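Here's the letter readout for the chains.
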Amino acid sequence: MTAPTTESKIELSIIVPAYNEEAVLPIFHQQIIDIIKPLNISYEVIYVNDGSRDNTEAIILALQNECPEIAYAKFSRNFGKEAAMTAGFKLCRGESAIMIDADLQDPPTLIPAMLDAWRNGADIVNMKRSERHGEPMWKKVTANMFYHLIGKISEVEIPHNVGDFRLFSRRAINAINQLSERGRFMKGLYAWVGYQQATIEYERDARAAGDTKWPFFKLVGLAWQGITAFSTAPLQMATWLGLASAGSAFTYASYFLIKSIVKPDIVQGFPTLIVVILFLGGLQLFCIGILGEYLARIYTEVKQRPVYLIETFYPAK
Ligand code: UDP
Ligand code: MG
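Residues numbered from 1 in each chain as written. Chains lettered and ligands numbered in written order. Predicted model: local features only at pLDDT ≥ 70, side-chain atom pairs only at ≥ 80, totals over all residues. Heavy atoms only, no water.

Q: Would you take a moment to explain the overall build of the chain for this structure?
A: For the chain, the helix and strand inventory stands at 10 helices and 8 strands. Its C-alpha atoms give the chain a radius of gyration of 25 Å, more than 25% over the compact-globule value 20 Å for 317 residues. Dimensions of the chain, computed from C-alpha atoms along their principal axes, come out at roughly 90 × 40 × 35 Å. At a minimum sequence separation of 6, the contacts of the chain that also span at least 24 residues come to 84%. Surface summary for the chain: the accessible area is close to 16600 Å², and the carbon and sulfur share equals 62%. Taking the average place of the 31 positive charges on the side chains of the chain and the average place of its 32 negative ones, the gap between the two points comes to 6 Å. (Helix = DSSP H or I, 4+ residues; strand = E, 2+ residues; numbered from the N terminus. Rg over C-alpha atoms; globule rule 2.2 N^0.38 Å. Contact = heavy atoms within 4.5 Å. Areas by Shrake-Rupley, 256 points an atom, 1.4 Å probe, with all protein chains shown as cover. Lys, Arg positive; Asp, Glu negative; His and termini not counted. Charge placed at Lys NZ, Arg CZ, Asp CG, Glu CD.)

Below, the structure is given as C-alpha cells:
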C-alpha cells in the first residue's frame, strides 16, 4: 500500500464510500468526470468498497481500466460508512479532499464552488442542506431533533444539517488522521478539528438509484455514538436525576412523618411504597445503563482494534 505523502502534486482527492452501489456508480463516475475534467486540475477518485455484496467491485474495476485517476480500496467486510471515510482520509494524497456519497444526493456540480472556498483559505468547507428532497418526514424531524440535542450538550459546536459532504484542506486531513479513536463519529471529529471553516448552502436531492443503507435503528445507533463520544451530559444526568428523586423522596417522607403524627394510620400508603420502589429501581437501572454505555465505549477503545481492514488496494496510476 502506498503511504499518502504531503508533498504530492495531486490537488484534489474525491473520496467515495460505496456499499452496494452498483445501480448508481457508473452514472456517478461519469458526472464526477464531467465536472472535474474542465477544471484542469490534478485529481484522484478514491472508491472505498465497504464490503459490498453486489457488483460494486466489478463496476469500479471496469471504471478503473478506463480512468487511471481511480484508486480502489476494498474492505475485508462491511465496516460502516464512518470506517470507509476514515480509510479514504488515510489513503488520499490530495492537497484537498472532498467526501461525497455515491448516490448523487450530494451534487457534484457544487465541487467548483467548494474548491473556490478552499482557495480562499477555508480548511473545511461545510455543505449545509437547506432542503432535503426525497427523504421521509420522520427522517427530517429526527435529524432536526438530533442536531438540536447534540448542539446543546456537545463539547464542540457541531453545525446543523451539515453531513459528510465537505471539502477538507491537507492540514485538516492530517489533523483528522491523527484522531485515533475507534468510535468514529466523523461529524464531531470534523468540528473538533476547528481551523478555518466555511459554509455553502445547497438543496439535497433524492437518491439517484438504489436504496438507503441507513435504516432507522442504524441512524439511532450513530446518533447515540455521537452523543456519547462528544458529551458526558448523560453521565451527569444520572447525578441530577438521583438528586431530584432523593429530594422528592425526602419531601414525601417529611409529609408522611407529619401525617402519621397528626393522624396515625398504618395500612395506608402501601401503593405509594410500591410506586416509590419501582420509580427508584427504574431510575437506578437507567443510570447503570448509561454507565454501561460509556463503559462499553471505553472497552472498544482499549481493545485498540483497527477501524477497518483493507483486503486489496489499487492506487491511481
Ligand atoms: N455507505 C457505506 N457503508 C455503509 C453504509 C453506507 O460506505 O455501511 C455509503 C453508501 O454507499 C453511500 C453513503 O455511504 O455512498 C451514504 O449512504 P446512504 O445514501 O445509504 O445514506 P443516506 O443518504 O440515506 O443517509
Ligand atoms: Mg444517500
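After that view, the rundown keeps rolling.
Q: What am I meant to see in the site of ligand 1 here?
A: As a structural note, the neighbourhood of ligand 1 is formed by 19 residues, with Asp50, Asp103, Gln105, Thr212 and Lys213 the closest of them. Note that an oxygen atom of ligand 1 is positioned 2.6 Å from one of the side-chain N or O atoms of Glu21. In isolation ligand 1 offers 530 Å² of accessible surface; the protein chains occlude 95% of this area. Each residue belonging to the shell around ligand 1 can be placed in one class, and the counts come to 5 nonpolar, 4 polar and 10 charged. (Near = heavy atom within 4 Å. Polar contact = N/O pair within 3.5 Å; in protein donor to acceptor, adjacent residues only side chain to side chain. Nonpolar A, V, L, I, M, F, W, Y, C, P; charged D, E, K, R; others polar.)

Q: Help me out: how do you make sense of the packing of aromatic side chains in this one?
A: For any pair of aromatic rings, geometry is given as the distance between the ring centres together with the angle between the planes. Across all of its chains, the model carries 10 aromatic pairs by this definition. Ring centres of Phe75 and Tyr308 lie 5.1 Å apart, and the angle between their planes is 5°; on these two criteria the pair is classed as stacked. Of the two residues, Phe75 sits in strand β3 (residues 70-75) while Tyr308 sits in the loop between α10 (270-303) and β8 (310-314), which places them 233 residues apart along the sequence. Its relative accessible area of 1% is what places Phe75 among the buried residues. Judged by relative accessible area, Tyr308 falls into the buried class, the value being 16%. Grouped by ring-pair contacts, the aromatic residues Phe75, Phe79 and Tyr308 constitute a single cluster. The ring of Phe79 has Arg77 lying over it, and the distance from NZ or CZ to the ring centre is 3.9 Å. (Phe/Tyr/Trp six-rings, centres within 6.5 Å; stacked < 30°, edge-to-face > 60°. Buried < 20%, exposed > 50% of the residue type's maximum accessible area, 1.4 Å probe, protein only. Lys NZ or Arg CZ within 6 Å of the ring centre and 35° of its normal.)

Q: Teacher, can you tell me more about unusual backbone geometry here?
A: Glycine aside, negative phi is the norm for most residues, and most peptide bonds take the trans geometry. Phi is positive for Asn40, which is not a glycine, with a value near 55°. Within the secondary structure, Asn40 sits in the loop between α1 (25-36) and β2 (43-49). Even without being glycine, Tyr195 reaches a positive phi, approximately 60°.

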